[in-house]
Amino acid sequence: MIPDDLHQRLREFGQDHLIGIIEQAEPAARAKLIADLQAINLAELHSLFQQRARKDALPERDRIQPMPVPSMTDAERAAFHEAGIKAIVAGAVAYLVVAGGQGTRLGFDDPKGMFPIGPISKKSLFQIHAEKVQALRQRFNARFPLLVMTSPATDERTRSYFKRKNYFRLPPQDVLFFCQGTMPAVDLASGRLLRESAAQLCLSPNGHGGTITGLHAEGLLDELDDRGIQTISYFQVDNPLVNLADYLFIGRHLREQAQVSSKVLPKTGPKEKVGNFLLVDSRCAMIEYSDLPDEWALETDDTGRLKFWAGNPAIHLFDVGFLKEIAVDTDRLPWHLAKKKVPCLDDAGNPIKPETENALKFERFIFDALPQADRWTILATERENEFAPVKNKDGVDSPATARQLMIGQAKRWMREAGVEVADGVTVEISPLFALDAIEFRKKWPGQKEIRKNTYIS
Ligand code: UTP
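Analysis parameters
- Residues numbered from 1 in each chain as written.
- Predicted model: local features only at pLDDT ≥ 70, side-chain atom pairs only at ≥ 80, totals over all residues.
- Heavy atoms only, no water.
- Disulfide = S-S within 2.5 Å.
- Buried < 20%, exposed > 50% of the residue type's maximum accessible area, 1.4 Å probe, protein only.
- Helix = DSSP H or I, 4+ residues; strand = E, 2+ residues; numbered from the N terminus.
- Arc of directions from axis to C-beta.
- Contact = heavy atoms within 4.5 Å.
- Pairing = 2+ DSSP bridges.
- Near = heavy atom within 4 Å.
- Polar contact = N/O pair within 3.5 Å; in protein donor to acceptor, adjacent residues only side chain to side chain.
- Areas by Shrake-Rupley, 256 points an atom, 1.4 Å probe, with all protein chains shown as cover.
- Nonpolar A, V, L, I, M, F, W, Y, C, P; charged D, E, K, R; others polar.
- Phe/Tyr/Trp six-rings, centres within 6.5 Å; stacked < 30°, edge-to-face > 60°.
- Lys NZ or Arg CZ within 6 Å of the ring centre and 35° of its normal.

A. Seen up close, the state of the cysteines. Here the structure, examined in full by the defined rule, presents zero disulfides. Cys179 carries a free sulfur, and the closest cysteine sulfur to it, the one in Cys202, is 17 Å from it. Taking the relative accessible area as the measure of exposure, Cys179 reaches 22% and is therefore partly exposed. Here Cys344 is not cross-linked by a disulfide; its sulfur's nearest cysteine counterpart is in Cys202, at 5.5 Å.

Right under this line is the structure:
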């Protein structure tokens, strides 16, 4: 039977359609539905649905300032660089790759991290990231973990993939998986919970903001503290160009005792589809491209430069103590609502594949943590050296564009080492060979010309 308290909540919060369904379900399906429903905050869901028409109010323009362009003296740069190296050598930085997304736009059957992105090697995104971590550990003979955030949609396959691949030579005890939480999808018109099968509600990952609650729920924030790790270096699985060996970024974050630090990219145009870093009431904040009014996006300064110039490549550093504060007070991160096409069962229990948006999904975003920080830094970075998003199957931000960017970087490193690469030739450099241009130059055996496709490992 349905427990009384659940029964009451189903009635109170507009989910009474499930009562008959549960009562008529097979025992196993009934138990599963009841367990899943007990874990859902139906009151919160109801209130989010009631407020669905309310558009998040943008702060008034006079509360917003463009992000100042960061500047540093040479002496500061040197000191930050050194502090960053020190922290890595001490094992005080953990790397965290978020890989819980459903990757719907890419249309790849397995978790996105398993996508073969290497232009020649066909190495997966996971392998490239794991090898960067491994190379960094070797460079400094240091020990620090790689955290991998999965979701119920990617967890099992991700763990077994790493196991099958022998953790890409990382010690298994230093690869820490954790699974983010989910949020149910509800019917767009009625707010009723949807089911994908007789025993299963439609649940989807709760957004990359789920990183904070996920880390906390699995006790990893305490574990990091116990290991003496103060800083988490956060990046997304779908960016094979991310630079994990950025000592200056890490060192500046630590020396300035920042709670959060973020990389920013000069935008390619006013409406580029990336989040906009800016200041709201003097705090670091982000406004999504879709929410930034055109007239603001087009504003320029006296030199003709875009005022809102700072795009978001989703590369951050977080202080572990700061994440702990947010994790126990998650209401500080809002839920974002998105209309989506969600395959589900209709009232008669038949599967439907909607042609138009039929459901609302709820997600938290990691960047909503930024305005919570009293102390923060940003660092401008070069797109061609650090951002190759793999989002779509074809066209912009696709595997094809990401591979071109990877090849472009490899060619630049080779050119800097005095190597000429013939036109039309593909080159790829393994992270285990070099993590940056300087290392490449040091290790390159001296050949002056590359005339055929070459993988350097
Ligand atoms: P995106 O927002 O681009 O989503 O995620 P996605 O799942 O990769 O792709 P689409 O939108 O379904 O096509 C950016 C990064 O955040 C992670 C993703 O795995 C990716 O690394 N992410 C996103 C999570 O880890 N969990 C989430 O709930 C959402």
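B. Local environment of helix α4 (residues 42-50). Leu42, Leu45, Leu48 and Phe49 are the residues of α4 that are buried. Down the axis, α4 shows its buried residues gathered within 125 degrees of arc, on one side only. Where α4 is buried, its residues contact α1 (4-12), β5 (182-184), β6 (186-187), β16 (336-340) and β19 (359-363).

C. Broad picture of the sheet that holds β19. In space, the three strands of this open sheet follow the order β6-β19-β16, with antiparallel pairing throughout. The open sheet has two edge strands, β6 and β16, and neither has a second partner. Here five bridges tie β16 to β19, and the two strands are oriented antiparallel to one another. When the sheet's bridge partners are listed, His336 is paired in β19 with Glu363.

D. Structural view of the site of the ligand. In the vicinity of the ligand there are 18 residues, among which Gly100, Thr104, Arg105, Gln180 and Lys391 approach most closely. With respect to the ligand, the backbone of Gly101 contributes an N or O atom lying 3.0 Å from an oxygen atom. Gly207 places a main-chain nitrogen or oxygen 2.9 Å from an oxygen atom of the ligand. Out of a free accessible area of 570 Å², the ligand has 88% covered by protein chains. In terms of residue class, the shell around the ligand is built from five nonpolar, nine polar and four charged.

E. Seen up close, the packing of aromatic side chains. The final tally for this structure, using the stated rule, is 13 aromatic pairs. Where Phe126 meets Tyr161, the ring centres are 6.2 Å apart and the plane angle is 40 degrees; that geometry is what we call tilted. Highlighted residues: Phe126 in helix α6 (residues 125-140) and Tyr161 in helix α7 (residues 155-164), separated in sequence by 35 residues. Given a relative accessible area of 7%, Tyr161 falls into the buried group. Considering the side-chain rings of Phe140 and Tyr247, the 5.6 Å spacing of their centres and the 80 degrees angle between planes classify their relative orientation as edge-to-face. With Phe140 in helix α6 and Tyr247 in helix α10 (residues 247-255), this residue pair connects regions lying 107 residues apart in the sequence. Among the residues examined, Phe140 registers a relative accessible area of 18% and is labelled buried. Counting every residue linked through ring pairs, the aromatic cluster contains Phe126, Tyr161, Phe162, Phe168 and Phe177. Positioned above the aromatic ring of Phe49 is the side chain of Arg52, whose terminal nitrogen or guanidinium carbon lies 3.8 Å from the ring centre. One cation-aromatic arrangement involves Arg61 over Trp296; the distance from NZ or CZ to the ring centre is 5.9 Å.

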